[in-house]
Amino acid sequence: MKKLVASGKTVEEAVENGLAQLGVGRDRVKVTVLEQPAKGLFGLIGAKEAKVELEFIPDAAEEAERFLREVAEAMRISVGITRQETAEAICFNVTGADLGIVIGRRGQTLDALQYLVNLVASRRCGRHLPIILDAEQFRERRRQTLESLSDRMANRVARTRREVVLEPMPSQERKIIHLRLQNHPLVRTYSQGEEPNRCVVIAPKN
């Protein structure tokens, strides 16, 4: 991380001088006071200015987007990246041609890339803000597919009174199914198995 030492008559003035040199706001730096100001003899001779160290804190969204563009360049694909930030997460949507290689089978490559983006942003910025990565609205389409699957399997279980074990899924996809069927009057859901082979079971209510 970029560091800079600045000075001023007071600690606050030293900080402001450092911020001006970096061209950033107060929320983008970590301040360490190196020396407090001191008056000299008769208030003049030997006076010491305050000295502070400002450590620049990278922005998580900027670091994540930079990493995504580096990955796209390495994969030799041209992409557009839009982002939306909330208090809970940073959401990126990747657009472009031939994004099948980014999404992968049932979103497995997209999930792996999302994990890496979160890891890079967290390490570079020293703090964690969840990052959600999507490509051509794949996650919304996948959510609709899983909800449709949930409804069909719930109807089968309700009709046959026999439980159904779905294929292994990542935690965020299992959560979609649990939420979809949590208020179903005839079936219940639970997860079984160990990652990465953990799956949802849809069973009849007793």
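Structure: see above.
Residues numbered from 1 in each chain as written. Predicted model: local features only at pLDDT ≥ 70, side-chain atom pairs only at ≥ 80, totals over all residues. Heavy atoms only, no water.

## Re the pattern of salt bridges
This is how the line gets drawn: Salt bridges, as used here, are contacts in which a Lys or Arg side-chain nitrogen is within 4 Å of a carboxyl oxygen on Asp or Glu. Helix and strand definitions follow DSSP, with helices as H or I runs of at least four residues and strands as E runs of at least two, each counted in order from the N terminus. Per-residue accessibility, obtained with a 1.4 Å probe over protein chains only, is compared with the maximum for each type, and a residue is labelled buried under 20%, exposed over 50%, and partly exposed between these values.
A full pass over the atoms with the stated rule returns 13 salt bridges. Close ionic contact of Arg143 with Glu140 constitutes a salt bridge, the shortest N to O distance being 2.4 Å. You can see Arg143 and its partner Glu140 sitting in helix H5 (residues 138-160), three residues apart, about one turn around the helix. By relative accessible area, which is 27% here, Arg143 ends up partly exposed. On the basis of relative accessibility, which here comes to 33%, the residue Glu140 falls in the partly exposed class. When the shortest N-O distance is used, the salt bridge between Arg180 and Asp151 registers 2.8 Å. Of the two residues, Arg180 sits in helix H6 (residues 171-181) while Asp151 sits in helix H5, which places them 29 residues apart along the sequence. Salt bridges here are not isolated pairs; linked through shared partners, they connect Glu140, Arg143, Glu147, Asp151 and Arg180.

## Quick notes on the side chain of Asp134
Cut-off, in case you're wondering: His is not counted, nor are the chain ends, whereas Lys and Arg count as positive and Asp and Glu as negative. Polar contacts, as used here, are pairs of N or O atoms within 3.5 Å; protein pairs need one atom able to donate a hydrogen and one able to accept it. Residues neighboring in sequence count only if both atoms are side-chain atoms.
By the element assignment, Asp134 lies in strand E6 (residues 131-135). It turns out Asp134 is buried and unbridged, and the closest side chain with the opposite charge, Arg139, is 4.7 Å from it. For Asp134, the side chain forms a polar contact with the main-chain nitrogen of Phe138, separated by 3.0 Å.

## Quick notes on the pairing of strand E1 (residues 3-8)
Condition: Here a strand pair is declared whenever DSSP counts at least two bridges between the two strands.
Alternating positions in E1 separate cleanly, Leu4, Ala6 and Gly8 being buried on one face and Lys3, Val5 and Ser7 remaining unburied on the opposite face. Note that E1 and strand E3 (residues 50-56) share six bridges and pair antiparallel. When the bridges of E3 are listed, Gly8 appears paired with Ala50.

## Some thoughts on H5
Short version of the rule: What a helix is expected to span follows from its residue count: subtract one and scale by 1.5 Å.
With 23 residues, H5 extends 33 Å between its outermost C-alpha atoms, agreeing within 8% with the 33 Å of an ideal straight helix rising 1.5 Å per residue. Taken residue by residue, H5 has Phe138, Arg139, Arg142, Leu146, Glu147, Leu149, Ser150, Met153, Ala154 and Val157 as its buried positions.

## Considering a nonpolar patch on the surface
So the rule is basically this: Each patch is assembled from residues with relative accessible area greater than 30% and no salt bridge, linking like charges that lie within 9 Å and nonpolar side chains (Val, Leu, Ile, Met, Phe, Trp, Tyr) that lie within 5 Å. In short, Shrake-Rupley with a 1.4 Å probe defines the accessible areas, and a residue's cover is counted only from the protein chains shown.
Residues Tyr115, Leu116 and Leu119 make up a contiguous nonpolar surface patch of about 290 Å² in total accessible area. For Leu119, the position within the fold is in helix H4 (residues 108-125). According to the relative accessible area criterion, Leu119 is partly exposed, its value standing at 31%.

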